[in-house]
There are 2 protein chains.
Amino acid sequence: MAKRNFSSKRKAIYEALCSTDSHPSARWIYDKLKPDIPDLSLGTVYRNIALFKEEGKAQVICSLNSEERLDGNVTPHPHFICTCCNSVFDIGNDNSDSGIASELSERGFSVESRYILYYGICPDCKNKNIH
Amino acid sequence: MAKRNFSSKRKAIYEALCSTDSHPSARWIYDKLKPDIPDLSLGTVYRNIALFKEEGKAQVICSLNSEERLDGNVTPHPHFICTCCNSVFDIGNDNSDSGIASELSERGFSVESRYILYYGICPDCKNKNIH
DNA sequence: TCAAAATCAGTAATGATTATCATCTTTGAC
DNA sequence: GTCAAAGATGATAATCATTACTGATTTTGA
């Protein structure tokens, strides 16, 4: 791992990422920090997110409206994505495997990680559509 | 569903999508068809893929190198993605659920579909790296 | 056969992400 | 503290997949 300087902006970006369970996009983080850090640049947000990914401190959950949605919680856990409002929710733990991982290693694949995504309508959107 | 004309290009695009298990991108389909259909336009490929998605005849599996990877097989089934060569593989059936879907409906979510992605190294890339 | 509707090719526009580069910070030795 | 090297940043331009637009072409059904 390359040597990294301590940077207050890097710290702020990481804290913003970890401060929310909204699974934000780069722009969301930028918009959140910009009022307090007026000279923050969107490129810096992207650059630091790329570093966090390399370091295993952030993961991409999915891409919605062609925007990557991120998670600072890198513990494997399933997500629910609302196809109506594009919210991303954490859901319970990921403890099932159904033998697929072992089937994969028997076939010569090295499994590094697993993502489980549920798509559907979230409670809020369901309620809004009852008119 | 809007009325649709029969179009030979639409048919060719759909057949190309279904003819492979490589989970192609729009450009892959375009490049495959272009020699036989010289006046095919990339926009037409995108336009028809968008229609197939609406009709439920195609699904997006993931986004690799910022390219959407598609599947004409809309039966739910897990995929394995090689982080080395970006190949996408079909893997066995999706028959486990570990009670997450029922937990979700209890919490008010309507689940429409589920995607399971495994990331890792495929057999080919593993062999190539043994030097 | 023919006009309306649907589709297309070609091209321009969009928008997220990345690259560039000159400037500013951080670091660690002194 | 001082200072130079390494690292990080802001501002801007470039990239590239995807979408929108428009006038021409094809399909359809009467």
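Refer to the structure presented above.
Summary of the structure given here.

### Description of the pairing of strand 3 (residues 79-82) of chain A
Residues and elements named next belong to chain A. Residue alternation in strand 3 divides its side chains into two sets, H79 and I81 and F80 and C82, and both sets are buried. As judged from the three bridges shared by strand 3 and strand 4 (residues 88-90), these two strands associate in the antiparallel manner. Residue pairing for strand 4: F80 is matched across the bridge by F89. Hairpin remark: strand 3 followed by strand 4, antiparallel, with five residues in the connecting loop; positive phi at N86, about 65°. Note: strand 3 against strand 5 (residues 110-121), four bridges, orientation parallel. The partner of C82 across the bridge, within strand 5, is G120.

### Points about the relation of the copies chain B and chain A
Aligned on chain A, chain B shows an RMSD of 0.0 Å; the corresponding rotation is 180° and the shift along the axis is 0.0 Å. With respect to symmetry, the two chain copies, as superposed, fit the operation of a two-fold axis. Across chain B, the rotation axis passes nearest the C-alpha of I116 of chain B, at a separation of 2.3 Å. A share of 100% of interface residues in chain B that are also interface residues in chain A marks the association as one of identical surfaces.

### Notes on the packing of aromatic side chains
Within this structure, the stated rule accounts for 10 aromatic pairs over all chains. One aromatic cluster is present, built from ring pairs that chain together F80 and F89 of chain A together with F109 of chain B. Seen from the ring of Y14 of chain A, K57 of chain A lies directly overhead, with NZ or CZ sitting 4.5 Å from the centre.

Cut-off values and rules
Residues numbered from 1 in each chain as written. Chains lettered and ligands numbered in written order. Predicted model: local features only at pLDDT ≥ 70, side-chain atom pairs only at ≥ 80, totals over all residues. Heavy atoms only, no water. Buried < 20%, exposed > 50% of the residue type's maximum accessible area, 1.4 Å probe, protein only. Helix = DSSP H or I, 4+ residues; strand = E, 2+ residues; numbered from the N terminus. Pairing = 2+ DSSP bridges. Least-squares fit on C-alpha atoms with pLDDT ≥ 70 in both. Contact = heavy atoms within 4.5 Å. Phe/Tyr/Trp six-rings, centres within 6.5 Å; stacked < 30°, edge-to-face > 60°. Lys NZ or Arg CZ within 6 Å of the ring centre and 35° of its normal.

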